[in-house]
Amino acid sequence: CLMSWNIGSRPIYLIRAGETGGEDFDDTFATKPRVISKGDTLGPNGKHFRKLLAQFIESEGREFAKKSEDAFKMAFAPRRTFGTSISGMAPLNLKFWWSDSEEEEESEKATIERTLPFACHVMTSTMPRAVETASWDSLPFVIHEFPNLNPLDKGDYFGMELEEIQKKHPEWYAALEKDPFTTRFPGGESYSDLIHRLETCIIDLEQQVNIAVVVSHVSTLQVLMAYFRRSNVDECTSIEVPLHTVIKFTPVTGGGWTESQHNIIPSVNIDSSEHELSSIPEGQHTPIWGDHRRDSFKAGRGSTFDDSVGE
């Protein structure tokens, strides 16, 4: 019950870790699937995304600070004058109450421009690519690393493509197709396991009064998105998590959240959904976990297989 109490109007930003790849990264990355390792760092596109992401968060933070300041003024400004308005109150002279002079007001504006007028709670997984994505020179916020935000542990199948798993372990793959939510990877986790280890992160997010940023991975973000959307969590494996995109959730009066998605790099159309590697017959149900998508490429769509391209 307490977890559903949204404090204030602060937004929460969910962000997929930036794109990995070597310095010789080029457009061939979009057509040649590549399994990334846990220690991979950001490639050129990922670093470009990080730079633009810092600008986006700063802009959002300043806007949030301005709205909070305006709300505070309206809530606590003294009613000194009376008039004949419908409410019986003349418009408040907030400028007169808030600062003694125009010089003081200008001085305050200059101070805000030199410093950050907002705080930000930054949470990432312990993966280098996630920590790098949230490392902003212009925004020196403390980065809180949580192993709870690490991607789904695929145990014995780590680093294997779904096509390879299907060929080598057809019985297990059939179980995955039938129930992608509770089917556990041998020696690893299932999506249902993710719910339990993400509980503390959700409580932490709910308790924040300043803006909060989460940089994590497809599987964990799917569970978090299901929570904030109030959708059935056992259907979270079908939630798209686009690359180079910020997913913003803002609390609304009476409970619940509004969602908006902001594509930070619209010109980059590299995503695992572009690959058509699966030999599975058309029309057969398969969980959308990675490079194995049969539909045509759609810019900004995400994959759900955390070892896949650009995770």
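So, a few notes on the structure that sits alongside this text. In this text the structure is predicted, and so the values were computed from the model without any measurement. Every chain is numbered on its own, with residues counted from 1 as its sequence reads. For a predicted model such as this one, the threshold for reporting local features is a pLDDT of at least 70, and the threshold for listing and counting side-chain atom pairs is 80 or more; totals across whole chains, interfaces and linings nevertheless cover every residue. Neither water nor hydrogens contribute to the side-chain values; these are computed over all heavy atoms in the structure.

Comments concerning the overall build of the protein
Inference 1: Elements are defined by DSSP. Helices are runs of H or I of four residues or more, strands are runs of E of two residues or more, and each kind is numbered from the N terminus. Of the regular secondary structure elements, the protein holds eight helices and six strands.
Inference 2: Moving toward the C terminus, one meets the helices and strands of the protein in the order β-α-α-α-β-α-β-α-α-α-β-α-β-β.
Inference 3: Buried residues are those whose accessible area, probed at 1.4 Å on protein chains only, stays under 20% of the maximum for their type, while exposed residues exceed 50% and partly exposed ones sit between those limits. Taken over 311 residues, the protein has a buried fraction of 46%.
Inference 4: Intrachain contacts of the protein at a sequence separation of at least 6 include 66% that bridge at least 24 residues. Here, two residues are considered to be in contact whenever any of their heavy atoms come within 4.5 Å of each other.

Describing the sheet that holds strand S6 (residues 257-263)
Inference 1: Two strands qualify as a pair provided that DSSP identifies no fewer than 2 bridges between them. Here six strands make up an open sheet; going across it, the order is S3-S2-S4-S1-S5-S6 and the pairing mixed. Single-partner strands in this sheet number two, and they are strand S3 (143-145) and S6. Each strand of the sheet is rotated relative to its neighbour by a mean of 20 degrees, with strand direction disregarded.
Inference 2: Of the strand pairs in this sheet, strand S5 (residues 245-251) and S6 are connected by seven bridges, and their pairing is antiparallel. Paired with threonine 250 across the two strands is threonine 258, which belongs to S6.
Inference 3: Here, axes are lines fitted to C-alpha atoms. For helices the fit covers the stretch in contact, and angles between N-to-C directions go from 0 to 180 degrees. Lying over the sheet, helix H7 (residues 191-206) contacts strand S1 (12-16), strand S2 (120-124), strand S4 (211-216) and S6, oriented at roughly 170 degrees with respect to S2.

Remarks on the pattern of salt bridges
Inference 1: By definition, a salt bridge exists where a carboxyl oxygen of Asp or Glu is found within 4 Å of a side-chain nitrogen of Lys or Arg. Throughout the structure, instances matching the rule amount to eight salt bridges.
Inference 2: Across the pair glutamate 164 and lysine 168 runs a salt bridge whose closest N-O atoms are separated by 2.8 Å. Separated by four residues within a single helix, glutamate 164 and lysine 168 lie in helix H5 (residues 162-168), roughly one turn from each other.
Inference 3: The exposure class assigned to lysine 168 is exposed, which follows from its relative accessible area of 53%.

Remarks on the nonpolar core
Inference 1: Buried residues of nine kinds, namely Ala, Val, Leu, Ile, Met, Phe, Trp, Tyr and Cys, make up a nonpolar core once their side-chain atoms join them within 4.5 Å. Formed by 35 residues in total, the largest nonpolar core has its most connected members in Leu14, Ile165 and Val214.
Inference 2: Elements represented by at least two residues in this core include exactly S1, H5, helix H6 (170-178), H7, S4, helix H8 (218-229) and S5.
Inference 3: Of all hydrophobic cores here, the second largest spans 24 residues; its members include Phe64, Phe118, Ala130 and Leu139.

Topic: the pairing of S5
Inference 1: Burial analysis of S5 places six of its seven residues in the buried class, the great majority of the element.
Inference 2: Note: S1 against S5, four bridges, orientation antiparallel. Bridge pairing links leucine 14 to isoleucine 247 in S5.

Observations regarding the environment of isoleucine 264
Inference 1: With respect to the helices, strands and loops of the structure, isoleucine 264 is situated in the segment after S6.
Inference 2: A sequence separation of 211 residues divides isoleucine 264 from leucine 53, and the C-alpha atoms of the two residues are 6.8 Å apart.
Inference 3: Aside from chain neighbours lying at most four places away, what touches isoleucine 264 is Phe49, Leu52, Leu53, Phe56, His244, Thr245 and Val246.

Considering H7
Inference 1: Under the 1.5 Å per step criterion, the end-to-end length of H7 is 22 Å for 16 residues, consistent within 8% with the ideal 22 Å.
Inference 2: The complete set of buried residues in H7 reads Tyr191, Ser192, Asp193, Leu194, Arg197, Leu198, Cys201, Ile202, Asp204, Leu205 and Glu206.
Inference 3: Its buried side turned inward, H7 meets S1, S2, S4, H8 and S6. In this analysis, the expected span of each helix is defined as 1.5 Å times one less than the number of residues it contains.

Quick word on H6
Inference 1: Within H6, burial applies to Trp172, Tyr173, Leu176 and Glu177. Relative to the axis of H6, the buried residues are bounded by an arc of 145 degrees and lie together on one face. When the buried face of H6 is taken as reference, the exposed residues oriented beyond 90 degrees from it are Glu171 and Lys178. The arc refers to the directions leading from the helix axis to the C-beta atoms.

Examining unusual backbone geometry
Inference 1: Positive phi, close to 60 degrees, is recorded for arginine 230, a residue that is not glycine.
Inference 2: Secondary-structure assignment places arginine 230 in the loop between H8 and S5.
Inference 3: One non-glycine residue, histidine 244, lies in positive phi territory at about 60 degrees.
Inference 4: For histidine 244, the position within the fold is in the loop between H8 and S5.
Inference 5: Exposure remark for histidine 244: the relative accessible area of 1% places this residue in the buried category.

A closer look at the side chain of arginine 16
Inference 1: Here arginine 16 shows up in strand S1.
Inference 2: Residue arginine 16 is classed as buried on the basis of its relative accessible area, which comes to 1%.
Inference 3: Under this definition, polar contacts are N or O atom pairs within 3.5 Å; protein pairs additionally need one hydrogen-donor-capable and one acceptor-capable atom, and for neighbouring residues in sequence, both atoms have to be side-chain atoms. A polar contact is formed between the side chain of arginine 16 and the backbone oxygen of valine 241, at a distance of 2.7 Å.

Describing the packing of aromatic side chains
Inference 1: Stacked, tilted and edge-to-face are the three classes assigned to paired rings of Phe, Tyr and Trp, where Trp is represented by its six-membered ring and a pair needs centres within 6.5 Å; plane angles under 30 degrees give stacked, over 60 edge-to-face, the rest tilted. Enumeration over the complete set of coordinates arrives at eight aromatic pairs.
Inference 2: Consider the rings of tyrosine 157 and tryptophan 172, whose centres lie 5.0 Å apart with planes at 80 degrees: the pair is edge-to-face. Of the two residues, tyrosine 157 is situated in the loop between S3 and H5 and tryptophan 172 in helix H6; the sequence distance between them amounts to 15 residues. The pair tyrosine 157 / tryptophan 172 is uniform in exposure class, with both members buried.
Inference 3: Taken together, the ring pairs in this structure connect Tyr227, Phe228, Phe249 and Trp257 into an aromatic cluster.

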